[in-house]
Amino acid sequence: MRKSTKLSLAAGLGLFSVAAIAQTPSSYVPVALTTSALMLDVATPATNPIWDKSYAPDLTEQDWNEAKQAASQLLAAASLISLGGSDAAEKGWTDDPAWREWSQTLAATAAAALHAVEAKDQNALAAAGDSLVEDCAGCHLVFDPTAR
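Quick caveat, the model's predicted, so the values are computed rather than measured. (Residues numbered from 1 in each chain as written. Predicted model: local features only at pLDDT ≥ 70, side-chain atom pairs only at ≥ 80, totals over all residues. Heavy atoms only, no water.)

## Notes on the nonpolar core
Side chains of nonpolar character tend, in soluble globular proteins, to be buried together.
Part 1 of the argument: One finds Ala43, Ile50, Leu74, Ile81, Leu106, Ala113 and Leu125 to be the most contacted residues of the largest nonpolar core, which totals 28 residues.
Part 2 of the argument: The set of elements that each furnish at least two residues to this core consists of helix H2 (35-54), helix H3 (61-82), helix H5 (97-118) and helix H6 (122-143).
Part 3 of the argument: With near-sequence residues (within four places) excluded, Ile50 lies in contact with Ala70, Ala71, Leu74, Ala113, Leu125, Gly129 and Leu132. (Core = buried A, V, L, I, M, F, W, Y, C linked by side-chain atoms within 4.5 Å. Buried < 20%, exposed > 50% of the residue type's maximum accessible area, 1.4 Å probe, protein only. Helix = DSSP H or I, 4+ residues; strand = E, 2+ residues; numbered from the N terminus. Contact = heavy atoms within 4.5 Å.)

## Observations concerning the side chain of Ser54
Part 1 of the argument: For Ser54, the position within the fold is in helix H2.
Part 2 of the argument: Residues within four places of Ser54 in sequence aside, it is in contact with Gln122, Leu125 and Ala126.

## A short note on the pattern of salt bridges
Part 1 of the argument: Overall, the coordinates contain 3 salt bridges when judged by the stated rule.
Part 2 of the argument: Where Lys120 meets Glu61, a salt bridge forms, and the shortest distance between an N and an O atom there is 2.7 Å. Taken together, the positions of Lys120 in the loop between H5 and H6 and Glu61 in helix H3 put the pair 59 residues apart, joining distant regions of the chain.
Part 3 of the argument: Each of Lys53, Asp63 and Glu66 takes part in one network of salt bridges that share partners. (Salt bridge = Lys/Arg side-chain N within 4 Å of Asp/Glu carboxyl O.)

## A look at the confidence of the model for the protein
Do not read the predicted coordinates in detail wherever pLDDT is low.
Part 1 of the argument: Averaged over every residue, the pLDDT of the protein is 83; the share at 70 or more is 80%.
Part 2 of the argument: Taken element by element, the predicted model of the protein shows its lowest mean pLDDT in helix H1 (residues 3-22) (42) and its highest in H5 (96).
Part 3 of the argument: pLDDT under 50 marks residues 1-23. Its contacts with residues more than four places away, or in other chains, come to 3 contacts. (pLDDT = per-residue confidence, 0-100.)

## So, the packing of aromatic side chains
Between two aromatic rings, the relevant description is the distance of the centres plus the angle of the planes.
Part 1 of the argument: Counted under the stated rule, the structure contains 3 aromatic pairs.
Part 2 of the argument: Each ring, one from Trp93 and one from Trp99, has its centre 4.9 Å from the other, and the planes form 40 degrees; the classification is tilted.
Part 3 of the argument: Take Trp99: its relative accessible area is 2%, and that puts it in the buried class.
Part 4 of the argument: Where Trp99 meets Phe143, the ring centres are 4.9 Å apart and the plane angle is 85 degrees; that geometry is what we call edge-to-face. (Phe/Tyr/Trp six-rings, centres within 6.5 Å; stacked < 30°, edge-to-face > 60°.)

Spelled out as structure tokens, the structure:
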């Protein structure tokens, strides 16, 4: 590829990115659930198959598919959680750098679980599951110490 073509492509992608960022918040669907509801109804159910499959003696194709679905759901939940819930206090969490860091950590761990599943690497899936315990407990200590 010629240098001028690469520069044009880079400039075009840059403009596209700026245009996407410049969209008004009203162009997005707001999160209509509280963070607690997202955690209880979406994230928590997605963690259980990851933990269960991590230490199962033998994984079938169906087990891998269930783990993949769970990891994908957790990754999607991490994105929603990072936006803050519908509750006013939870919305304020998004201003805290620690909230952003914990959200990014959750997303990275969910992505690691997804990569482990795609590679059918049960040890890596177990490592991601173990990281989830630390990620969840760490965030809850800071933002919701009463959560179970």
